[in-house]
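Chain and residue survey
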Amino acid sequence: MRRREFITLVGGAAAVWPRAANAQQKGKLLLIGVLNPGSTNTPGAVGFYEGLRELGYTEGLNIAIERRYGDWNADRFQQLAADLVRLKVDVIVVMSTSPARAAKQATSIIPIVVGGMADPVGDELIVSLARPGGNITGNTFLGPELIAKRFGLLKDAIPGLSRIAALWHPAAYGNRTTEGMLRETETAAQALRLQLQLVPAAGPGDLDGAFDTMTREHADAVIQLPSPMLFGEHNRIVELAAKSRLPAMYAAREFVEDGGLMSYGASLPNLFRRLATYVDKILKGANPADLPVEQPTKLELVFNLKTAKELGLVIPREFLLLADEVIE
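Model, not experiment: these values are computed from the prediction.

1. Some thoughts on the pattern of salt bridges
One pass over the structure, following the stated rule, counts 13 salt bridges. In this structure, the salt-bridge partner of Arg67 is Glu59, at a minimum N-O distance of 3.0 Å. Between Asp208 and Arg236 there is a salt bridge, with the nearest N and O atoms lying 2.3 Å from each other. Separated by 28 residues along the polypeptide, Asp208 in helix α7 (residues 207-216) and Arg236 in helix α9 (residues 234-243) bring together distant segments of the chain. Each member of the salt-bridge network shares a partner with another, and the members are Arg253, Glu257, Glu300 and Glu325.

If you want it as structure tokens, here you go:
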């Protein structure tokens, strides 16, 4: 199974970032702004707060946190980012790409740390992974790069597949990244000689209709394309897939833990936990332009054998041996 190495964070003579340094020198309570695209904390974001505690930060004692939630409405992200800028926070922490673009438009001065980006270079958030430039750094979850692998694993698990639906969120990322993901999806389906049905869901209210469309078009299975909104709705999506009796490949293990069939990807709680390290470095004076964007070091294949049995699937033993974890 392919593994990717983290890019090691560069130490040494990073320029001191003035806002956080001044706050520390004056003895002020450091202020962190958190911009979340959903209506509550994005599943996995708890890792960020755990990471802060592990590094010795306690809310109300040595840091303060201002939280803003976008309710999955991209039109609100700009206003929420501007709110955090007006509060003169010392660093902005953003969960995913879409609100990160809004934060970048809102400030070129305050450091921004972004978790779970899809293609930060393609979405023009940074100059390069090794040297981001500007005021943005963070990590990526390798979203678009894993689409073909997920198709292949789903086909290996269910060799008789012929029609597959791809559930996607049109506003999840920038145009370039979204177009690239759709091209990868179409190419992967063609390579495996699968008939592809692209099924969009612009928001949580579209999910019921999306699954109705899949069953009406007689899909054999569904693959979820990366999206913070779809991840935030993982409980409901798993329920709809079960109701529709559709085997599904997901981008994160949380779906499988809730009863989904299988997933392949990075651990989002671990990615968000890593954000705390960036925040710590920036609050101590590091320049985000000099902190390389990390990629996940481990990708995991998680399979739910109980769900396979409920769907009446006979999974090849060779496939199960590939899984990092089998839930029974």
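2. What to know about the sheet that holds strand β4 (residues 112-117)
Within the open sheet, the five strands sit side by side as β2-β1-β3-β4-β5. Their pairing is parallel. In this open sheet, the two strands that pair with only one neighbour each are β2 (63-69) and β5 (136-140). Adjacent strand axes in the sheet meet at a mean angle of 20°, parallel and antiparallel pairs treated alike. Across four bridges, the pairing between strand β1 (residues 30-36) and strand β3 (residues 91-95) is parallel. Bridging from a neighbouring strand, Val34 pairs with Val93 of β3.

3. Here we look at unusual backbone geometry
A positive phi angle, close to 95°, is found at Ser96, a residue other than glycine. Within the secondary structure layout, Ser96 lies in the loop between β3 and α4 (97-106). Unlike most non-glycine residues, His218 shows phi in positive territory, near 60°. Here His218 is to be found in the loop between α7 and β8 (221-224).

4. Things to note about the sheet that holds strand β10 (residues 262-265)
Pairing between the strands of a sheet comes from backbone hydrogen bonds, and it takes one of two forms, parallel or antiparallel. Here seven strands make up an open sheet; going across it, the order is β7-β6-β8-β9-β10-β11-β12 and the pairing mixed. For this open sheet the edge positions go to β7 (195-200) and β12 (325-327), each flanked by a neighbour on one side alone. Neighbour to neighbour, the strand axes of the sheet diverge by 20° on average, direction disregarded. Relative to strand β11 (residues 300-304), β10 runs antiparallel, the two sharing four bridges. Counterpart to Gly265 in the pairing with β11 is Glu300. Helix α6 (residues 175-191) rests against β6 (163-168) and β7 of the sheet, and its axis sits at about 155° to β7.

Scoring rules and cut-offs
- Residues numbered from 1 in each chain as written.
- Predicted model: local features only at pLDDT ≥ 70, side-chain atom pairs only at ≥ 80, totals over all residues.
- Heavy atoms only, no water.
- Salt bridge = Lys/Arg side-chain N within 4 Å of Asp/Glu carboxyl O.
- Helix = DSSP H or I, 4+ residues; strand = E, 2+ residues; numbered from the N terminus.
- Pairing = 2+ DSSP bridges.
- Axes fitted to C-alpha atoms, helices over the stretch in contact; angles between N-to-C directions.
- Contact = heavy atoms within 4.5 Å.

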